[in-house]
Amino acid sequence: MKENMIRSAWKQGWVLVCAVVLMVSACGEDGSKEEAGELLPPTVDTPTDVAGDQFVLTWSKVTGATKFQIEVAIDEDFSQLVEPYDPWRLNATRFTVTELDYGTTYYVRMRTERDDELSAYSNVVVATTLDEPGPEPTTALKEVATTFAVGMAVQTSRLTGEHHEVLTREFDQITAEWEMKMSVMYPTEGVYDFTRSDQIVEYGEANDIAIHGHALIWHSSTPTWVEDFAGTNEEFEAMVKEYITTVVTRYKGRVRSWDVVNEAFQDGSGQLRNTVFRQKMGDDYIEKCYQWTRDADPDVLIFYNDYNMTTDAAKLKASLDMADDFVARDVPIDGIGFQMHIAYNGPDRATIEGAAKKVTDRDLLLHFSELDIRANPNDNMSSLTEQRAIDQQAKYKEVVEIYNAIPETSKFALTVWGMIDSETWLTDFHGYVDWPLMYNDDFSVKKAHTGFLQGLE
Ligand code: XIL
């Protein structure tokens, strides 16, 4: 683009050369700097927020300016101006050029006005609008991901109709988003409620979809009666053993894997979170829970699952130190789950790869267990822009590429935490809108889904 500009500038003389090459300083037609006091054109920034039909211009203030003049053309000679920018005049330093055509290069020329006077010189920028979005490919994820399971978080109220169609077309593993947690399965002392968990497990079995169990012990889903447990520590431990044994036995051979303990470490320090389980069972409560799980189902895969695992070095280290210690002492553990609640703009590839490698360098499985990629991490968008959808697509592609590139022996599953955007847990969690998932609310695939497919190419 810059090359084109310079070529045309040679044709047109110095005005454009100076506009493009110098940008910050206005030039005379002979190439000399403006004399002080003459009216300068604004310095125009590279257009931002470029979409299929619009882009945003910003420019510098100019001393003495009463207005700025914007001309938009589809040719570099400015002979074919685009209405209503022929010219458009305003007193501001920001303007959105709208109602443009897809996939078109636009030339923008700006001058300064001072009352009736117009700056003799101008500055020019160029922007090309995005191509008209074509239909996204609908290739089924599970057909392309042949070396690991593609997982989806589910709820019992989301297993029929279009949810069911997408689930059976695309996914070969499911995780209960909340219905296989302790507060749901064991709401009252001595009284289990497996209504919802049974429904999810039966759904998986009926549709040939594997079930990842999540999560037996999690501080955020501990029933009140457990938090307020009245008995002795010995009674508490016996109760937890009985709970784990009951649940794991019930789903023995039906649930492929369990997040037995979820989020045990504190942010930043890697210290054990001081949950009721730690308080009443001691620092070794995790290994007790893992052992009871193994005793109840010798074949089930046992995971430790946590968030911020790629960015919180202390938490990752604590998790790996624990796993190393367990392996050394024959305490069962098969893998580590990185939740992967991330954003389109971070963490970056090297950070994710580096953390993943620490797991895959060991004899451990790696699960990307709750992937969602925030498009609106700063809460400054009211709809998903095309540009942001493209950025999100790139991040989905990157994450899948990273996962797909780990050694086969470490591969387990990549699970996405929700289906359609309006159902994401993040809306409640953060209190504002986002579009972190792979499907639009009409269940059509987003660019994010295309990114997932591209990551598998
Ligand atoms: C969330 C679910 O998405 C919500 O539906 C539920 O109300 C609360 O839990 N880390 C985890 C998940 O391990 O279990 C959490 O899921 C999200 C954060």
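Everything quoted here is computed from the prediction, not taken from an experiment.

Caption draft 1: The arrangement of the nonpolar core in detail. Among the nonpolar cores identified, the biggest contains 101 residues, and Trp 258, Cys 289 and Tyr 290 are the most heavily contacted of them. For this core, the element with the highest residue contribution is helix H8 (residues 233-250), accounting for 7 residues. If we skip the residues at most four places from it in the chain, Cys 289 touches Ile 217, Val 240, Ile 244, Val 260, Val 261 and Met 281. In this structure, Val 50, Phe 55, Val 62 and Leu 100 belong to the second largest nonpolar core, which totals 20 residues.

Caption draft 2: Structural context of the site of the ligand. Around the ligand, the neighbouring residues are Glu 177, Trp 178, Lys 181, His 214, Trp 218, Asn 262, Glu 263, Gln 339, His 341, Glu 370, Trp 417 and Trp 425. Here an oxygen atom of the ligand sits 3.2 Å away from a polar atom, N or O, in the side chain of Gln 339. Contacts to the ligand include Trp 417, whose side-chain N or O atom sits 2.9 Å from an oxygen atom. Residues belonging to the shell around the ligand are distributed by class as follows: 4 nonpolar, 4 polar and 4 charged.

Caption draft 3: Quick peek at the pattern of salt bridges. Counted under the stated rule, the structure contains 29 salt bridges. Salt-bridge contacts for Glu 401 lead to Lys 397; the nearest nitrogen and oxygen are separated by 3.3 Å. Residue Glu 401 and its partner Lys 397 are both found in helix H13 (residues 386-405); the two are separated by 4 residues, about one turn of the helix. The network of salt bridges with shared partners includes Arg 349, Glu 353, Lys 397 and Glu 401.

Caption draft 4: A look at the pairing of strand S16 (residues 411-416). A large share of S16 lies buried, amounting to 6 of its 6 residues. Pairing of strand S8 (residues 149-154) with S16 involves 4 bridges; the strand directions are parallel. Each residue of the ladder has a partner; that of Val 150, found in S16, is Leu 414. Between strand S15 (residues 365-374) and its parallel partner S16, the chain crosses via H13, and the hand of that crossover is right-handed.

Caption draft 5: Layout of the packing of H13 against helix H15 (residues 447-455). With their axes 7 Å apart at the nearest point, H13 and H15 run at an angle of 30° to one another. When the axes of H13 and H15 are compared, the pair comes out roughly parallel. Relative to H15, H13 is oriented so that their crossing is right-handed. Packed against H13, whose contacting residues are Ala 389, Ile 390, Gln 392, Gln 393, Tyr 396, Lys 397, Val 400, Glu 401 and Asn 404, the element H15 presents Lys 447, Ala 448, Thr 450, Gly 451, Phe 452, Gln 454 and Gly 455 at the interface. For the contact of H13 with H15, a count of residues per class yields 6 nonpolar, 7 polar and 3 charged.

Caption draft 6: Representation of unusual backbone geometry in the model. The peptide bond linking Asp 86 to Pro 87 adopts the cis configuration, its omega dihedral lying at 5°. In this structure, Glu 263 takes a positive phi of about 60° despite not being glycine. Assignment of secondary structure puts Glu 263 in the loop between strand S11 (257-262) and helix H9 (276-281). Judged by its relative accessible area of 8%, Glu 263 falls in the buried class. The backbone phi angle of Met 340 is positive, close to 65°, even though this residue is not glycine. Secondary-structure assignment places Met 340 in the loop between strand S13 (335-338) and strand S14 (341-343).

Caption draft 7: Expanded view of a negative patch on the surface. There is a patch of like negative charges on the surface, built from Glu 162, Glu 165, Asp 441 and Asp 442. You can see Glu 165 is positioned in helix H4 (residues 161-170).

Caption draft 8: Representation of the environment of Ile 70 in the model. Relative to the elements of secondary structure, Ile 70 occurs in strand S2 (residues 67-73). Residue Ile 70 is classed as buried on the basis of its relative accessible area, which comes to 0%. Separated by 163 residues in sequence, Ile 70 and Asn 233 have C-alpha atoms that sit 75 Å apart. Aside from chain neighbours lying at most four places away, what touches Ile 70 is Leu 57, Trp 59, Tyr 85, Pro 87, Trp 88, Leu 90, Phe 95, Val 108, Arg 109 and Met 110.

Caption draft 9: Geometry of the domain arrangement of the protein chain. As assigned here, the protein chain comprises domain 1 (27-132) and domain 2 (141-456). The centre of domain 1, based on its C-alpha atoms, is set 50 Å off from the matching centre of domain 2.

Caption draft 10: Seen up close, the confidence of the model for the protein chain. The predicted model of the protein chain averages 93 in pLDDT, with 92% of residues at 70 or higher. When the criterion is pLDDT under 50, residues 1-35 qualifies, and its contacts beyond four places in sequence or with other chains add up to 51 contacts.

Caption draft 11: A look at helix H12 (residues 349-360). The first and last C-alpha atoms of H12 sit 16 Å apart over 12 residues, in line with the 16 Å expected at 1.5 Å per residue. Looking only at H12, the buried set comprises Ile 352, Ala 355, Ala 356, Val 359 and Thr 360. Buried residues in H12, looked at end-on, bunch into an arc of 140°, giving them a common side. Contacts made by the buried residues of H12 are with helix H11 (313-328), S13, S14, S15 and H13.

Caption draft 12: Region of interest: the environment of Tyr 106. Structurally, Tyr 106 can be placed in strand S5 (residues 105-114). Once the C-alpha coordinates of Tyr 106 and Leu 159 are considered, the two residues, 53 residues apart in sequence, prove to be 48 Å apart. Filtering out sequence-adjacent residues up to four positions away, Tyr 106 remains in contact with Phe 55, Val 72, Ala 73, Ile 74, Val 82, Leu 100, Asp 101, Val 125, Val 126, Ala 127 and Thr 129. Reaching out from Tyr 106, the side chain makes a polar contact with the backbone nitrogen of Asp 101 at a distance of 2.8 Å.

Caption draft 13: Up close: H4. By the burial criterion, the buried members of H4 are His 163, Val 166, Leu 167 and Glu 170. Viewed end-on, H4 has its buried residues packed into an arc of 100°, placing them on one side of the element. The inward-facing, buried residues of H4 abut helix H3 (141-144), S8, strand S9 (173-176), helix H6 (195-206) and H15.

Caption draft 14: Just the pairing of S13, in detail. Here S13 shows no split at all, with Gly 335 and Gly 337 on one side and Ile 336 and Phe 338 on the other all buried. Examined bridge by bridge, strand S12 (residues 301-306) and S13 share 4 bridges and lie parallel to one another. Considered in S13, the bridge of Asp 306 is made with Phe 338. For the handedness criterion, the β-α-β arrangement of S12, H11 and S13 is classed as right-handed. Inspection of the sheet shows S13 paired to S15 by 4 bridges, in the parallel sense. Bridging from a neighbouring strand, Gly 337 pairs with His 367 of S15.

Cut-offs used in this document
- Residues numbered from 1 in each chain as written.
- Predicted model: local features only at pLDDT ≥ 70, side-chain atom pairs only at ≥ 80, totals over all residues.
- Heavy atoms only, no water.
- Core = buried A, V, L, I, M, F, W, Y, C linked by side-chain atoms within 4.5 Å.
- Buried < 20%, exposed > 50% of the residue type's maximum accessible area, 1.4 Å probe, protein only.
- Helix = DSSP H or I, 4+ residues; strand = E, 2+ residues; numbered from the N terminus.
- Contact = heavy atoms within 4.5 Å.
- Near = heavy atom within 4 Å.
- Polar contact = N/O pair within 3.5 Å; in protein donor to acceptor, adjacent residues only side chain to side chain.
- Nonpolar A, V, L, I, M, F, W, Y, C, P; charged D, E, K, R; others polar.
- Salt bridge = Lys/Arg side-chain N within 4 Å of Asp/Glu carboxyl O.
- Pairing = 2+ DSSP bridges.
- Right-handed = clockwise from strand over helix to strand, strands pointing away.
- Axes fitted to C-alpha atoms, helices over the stretch in contact; angles between N-to-C directions.
- Parallel < 35°, antiparallel > 145°, perpendicular 65-115°, else oblique.
- Left-handed = near helix turned anticlockwise from the far one by under 90°.
- Patch = residues over 30% accessible without salt bridge, like charges linked within 9 Å, V, L, I, M, F, W, Y side chains within 5 Å.
- Areas by Shrake-Rupley, 256 points an atom, 1.4 Å probe, with all protein chains shown as cover.
- Lys, Arg positive; Asp, Glu negative; His and termini not counted.
- Charge placed at Lys NZ, Arg CZ, Asp CG, Glu CD.
- Domains from an automatic or database assignment.
- pLDDT = per-residue confidence, 0-100.
- Expected span 1.5 Å × (residues − 1).
- Arc of directions from axis to C-beta.

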